[in-house]
Amino acid sequence: MNGLKVLDLSYTNITNLPDSISNLGNLNSLVLRCCYKLRHLPSLAGLKALKKLDLYNTTIDKVPPQMETLENLTYLALQAEGLKELPTGTLPMFSRLQYLATMLQLKGEEVGKLSKLEFLSCIFLDMEEFKKYNSTTGTKWAQSYICSVGSSLSRNGSLFGVEGMFEKPEEHNTLYFVNCDLEEADFAMLPTDLDYFHVEKCDDLKCLSDGTSLFHEVTVCHIWECQGIECVIDLSSSPSYSFKNIERLVLGKLCNLIELVRVGPTVESPCPVIFSRLTMISLEKCSRMKKLFSVEMLQGLQNLEDLRVEGCHEMEKIIDDNGTRKRFRHYITCSPKTKGTVLIQLTKSGNYLW
């Protein structure tokens, strides 16, 4: 057994490993993925050749003793249900690390010292720790990343979609901002290859135009329970701004949201094309919204396929047609790709607004 290089016990019912595991000096890979009953690990200090340690979906509550001695690790997955913290000073010891995935709150400066990271998934306690990571890396991010700033849990008890993203992490560059102060964020330091942006309970966010450098390449955007947001795009302050790459826009529980796009007197006529690649838009419980689209805006939504509006009880019109009383289905022909339009409980009476 001393010559063993790979030990994969994934999806088994093991509850612990023997102390003798540390005698496998040539072991390169220890994979314990989805060993749901595994609660304890002995010291792995003898595994000097170990490069991959996968503890995804185990129930350990402490990292293995002397884990910091595993200096050859290049792959570390620490998404363990009972694990609460990684001892301070442990992470910088893994200078060869290329893949790091954990739901733990990590110190920004320690993560930033891992200069060889290709994939990063972690949580930063607050904006201050996030800024420390940015400053330590010199804005040189991992090639792929799923990071949360602020609270570790979202509204359904876990970060939206994270579990699925681990299967093909290279396809998703994702940032979550949850219950944190976005006024402290330096958007200029954020990566330019961000795909998925989720912001929740950040009440100082007024509109997405506040972070123009951040949103140019975003394709999926979720905004949830941000009390300060009144419009998604404010053309009166950023008249040349365009969200041309956003494909999916989800807005929920925005109690002060009045309009998607605010147009000021300085905006040229006709109104610039916005959301030209949008395929899906969803509004849920945006209680002050009365009108969704202007006719001019709808004409730019050539790729729209899915429209969902639910629980917006003050909604009067889907299309603001300036009193021409033309029907919604007439305008939807401006979007030839529209396949299924789902309108649910738009009014207090539950009637659809056509």
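Student: Could you clarify how one ought to interpret the environment of Asp 195 in this entry?
Tutor: Tracing the backbone shows Asp 195 in the loop between strand E8 (173-178) and strand E9 (196-200). As a C-alpha pair, Asp 195 and His 172 span 23 residues in sequence and 6.3 Å in three-dimensional space.

Student: Is there a simple way to think about the confidence of the model for the chain in this case?
Tutor: Any residue range with low pLDDT should be treated as having predicted coordinates unsuitable for detailed reading. Mean pLDDT over the chain works out to 80, with 76% of the residues at or above the 70 mark. With pLDDT under 50 throughout, residues 324-354 is counted as low confidence; its partners more than four residues away or in other chains account for 72 contacts.

Student: Whenever I open this one, the pairing of strand E6 (residues 119-124) confuses me. Can you help?
Tutor: Side chains on a regular strand alternate between the two faces of the sheet. Within E6, six of the six residues are buried, leaving the element largely enclosed by the surrounding structure. Side-chain alternation along E6 places Phe 119, Ser 121 and Ile 123 on one buried face and Leu 120, Cys 122 and Phe 124 on a second face that is also buried. In the sheet, strand E5 (residues 99-106) pairs with E6 via five bridges, with the strands oriented parallel. Within E6, the residue paired with Ala 101 across the bridge is Ser 121.

Student: Just to check I follow, could you spell out the nonpolar core for this structure?
Tutor: Residues Phe 177 and Phe 293 are the most contacted members of the largest nonpolar core, which totals 91 residues. Aside from chain neighbours lying at most four places away, what touches Phe 177 is Met 127, Phe 130, Val 149, Leu 182, Phe 197, His 198, Val 199, Glu 200 and Cys 202. One finds Ile 146, Val 178, Tyr 196 and Val 220 within the second-largest nonpolar core, a separate group that totals 10 residues.

Student: What is the right way to look at helix H2 (residues 127-137) in this model?
Tutor: Helical periodicity: at 3.6 residues per turn, an α-helix aligns residues three or four positions apart in one direction. For H2, every residue scored as buried is listed here: Met 127, Glu 129, Phe 130, Tyr 133, Asn 134 and Thr 137. Along the long axis of H2, the arc covered by the buried residues comes to 165°, so they all point the same way. Check the buried side of H2 and you find it contacts E5, helix H1 (108-112), E6, strand E7 (144-150) and E8. The distance from a side-chain oxygen at the start of H2 to the backbone nitrogen of Glu 128 is 3.2 Å, and the residue carrying that oxygen is Asp 126. Gly 138, located one to two residues past H2, shows a positive phi value of around 65°.

Student: How should I be thinking about the pattern of salt bridges in this particular structure?
Tutor: Side-chain pairing between opposite charges can occur once the charged atoms of the two side chains come close. For the structure shown, the criterion picks out five salt bridges. Among the salt bridges present, the one from Glu 129 reaches Lys 132, with a minimum N-O distance of 3.7 Å. One end of the pair is Glu 129 and the other is Lys 132, both in helix H2 and three residues apart, which spans about a single turn. A residue is classified by how much of its surface remains accessible, and Glu 129, at 14% relative accessible area, is buried. Between Asp 306 and Arg 308 there is a salt bridge whose closest N-O contact spans 2.6 Å. One network of salt bridges, in which partners are shared, links Glu 230, Glu 259 and Arg 262.

What counts, and at which threshold
- Residues numbered from 1 in each chain as written.
- Predicted model: local features only at pLDDT ≥ 70, side-chain atom pairs only at ≥ 80, totals over all residues.
- Heavy atoms only, no water.
- Helix = DSSP H or I, 4+ residues; strand = E, 2+ residues; numbered from the N terminus.
- pLDDT = per-residue confidence, 0-100.
- Contact = heavy atoms within 4.5 Å.
- Buried < 20%, exposed > 50% of the residue type's maximum accessible area, 1.4 Å probe, protein only.
- Pairing = 2+ DSSP bridges.
- Core = buried A, V, L, I, M, F, W, Y, C linked by side-chain atoms within 4.5 Å.
- Arc of directions from axis to C-beta.
- Polar contact = N/O pair within 3.5 Å; in protein donor to acceptor, adjacent residues only side chain to side chain.
- Salt bridge = Lys/Arg side-chain N within 4 Å of Asp/Glu carboxyl O.

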